[in-house]
Amino acid sequence: MCISPITYHILPLPKLNASKTAAFSSFTPRASFGVASTSSLSMKVFDWKRRTADESALNDVENTEFTFDNLKPAPGSRQQKKRKGRGISAGQGATCGFGMRGQKARSGRPTRSGFEGGQQPLYRRLPKFVGRPMGPGHSKTIYNVIKLDELNSAEAGSTVNFEGLLETGAITKSKYDIHKVVVGREEFTAKDITVQAHAFTKSARAAIEANGGKCELLKASTGEVIAA
């Protein structure tokens, strides 16, 4: 029996019409088969109306004036919310991507944040900062703020502190025992006064001394004057 050889015929590929591809959107990822791609974007455009829209004029930045009616978000930056549990065709139907069984498929929060299944978690594997506690009052000193414009009612030559301002009603009571003088919104007009506080900002100290006043630092534990 004689077997005749099989002959294969290679047909030429059809040429794509460039005029048909010109109507596509500039954001549409064009195929590199047969036509040279001029767009560097390869992301998926979720808005189907923009996939076939002709937006070539918007890409011409030099000759395009952007106004409120032609501004659009970048393709792929704004996606529609996924509708879970609305059928298997959506990809998130039935179990909504959580699977059939298991701890992570149950309602509510199955595990706490940082839990790694029983093994030593990351926040316990990392070394601690020795001598640097991070609790309240350790990482930051919290002061009661006294503004400069609250001192305007003080007479010239007097000594001003938190207790004196509280008695005159210039300020209200505070839950903090240490006080800091800062610059207020209104102009500071008091002259030749001595201000006692536990801290001063540079601008507040300069304003007090510019009006002929003096700043005295108080010790946080005893309230004694430690520096002038």
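Remember, it's a predicted structure, so these values are computed and weren't measured experimentally. (Residues numbered from 1 in each chain as written. Predicted model: local features only at pLDDT ≥ 70, side-chain atom pairs only at ≥ 80, totals over all residues. Heavy atoms only, no water.)

(A) Region of the structure containing the pattern of salt bridges. Taken as a whole and judged by the stated rule, the model has two salt bridges. As a salt-bridge pair, Arg-125 and Glu-116 come within 3.2 Å of each other at their nearest N and O atoms. Residue classification places Arg-125 among the partly exposed positions, given a relative accessible area of 46%. A relative accessible area of 30% means that Glu-116 is categorised as partly exposed. (Salt bridge = Lys/Arg side-chain N within 4 Å of Asp/Glu carboxyl O. Buried < 20%, exposed > 50% of the residue type's maximum accessible area, 1.4 Å probe, protein only.)

(B) Examining the side chain of Thr-194 more closely. Looking at where Thr-194 falls in the secondary structure, it is placed in strand β4 (residues 194–197). Exposure remark for Thr-194: the relative accessible area of 16% places this residue in the buried category. Dropping the residues within four chain positions of it, Thr-194 is found in contact with Ser-158, Thr-159, Val-160, Lys-214 and Glu-216. (Helix = DSSP H or I, 4+ residues; strand = E, 2+ residues; numbered from the N terminus. Contact = heavy atoms within 4.5 Å.)

(C) Quick peek at the environment of Asp-149. Within the secondary structure layout, Asp-149 lies in the loop between β1 (144–147) and β2 (159–160). Relative accessible area serves as the criterion here: at 18%, Asp-149 is assigned to the buried category. Through-space distance from the C-alpha of Asp-149 to that of Ala-170 is 9.7 Å; in sequence the pair is 21 residues apart. Not counting residues up to four positions away in its chain, the partners in contact with Asp-149 are Gly-184, Arg-185, Glu-186 and Glu-187.

(D) Just unusual backbone geometry, in detail. Even without being a glycine, Ala-94 presents a positive backbone phi close to 55 degrees. Relative to the helices and strands, Ala-94 is located in the loop between α3 (56–59) and α4 (122–125). Residue classification places Ala-94 among the exposed positions, given a relative accessible area of 67%. We note that Cys-96 has phi near 60 degrees; this positive angle belongs to a residue other than glycine.

(E) Seen up close, the nonpolar core. Membership of the largest hydrophobic core comes to 17 residues, with the highest contact counts inside it found for Leu-151, Val-181 and Ile-208. Breaking this core down by element, the ones donating at least two residues are α5 (162–168), β4 and α6 (202–210). Aside from chain neighbours lying at most four places away, what touches Ile-208 is Leu-148, Val-181, Phe-188, Ile-193, Val-195, Phe-200, Gly-213, Lys-214 and Cys-215. (Core = buried A, V, L, I, M, F, W, Y, C linked by side-chain atoms within 4.5 Å.)

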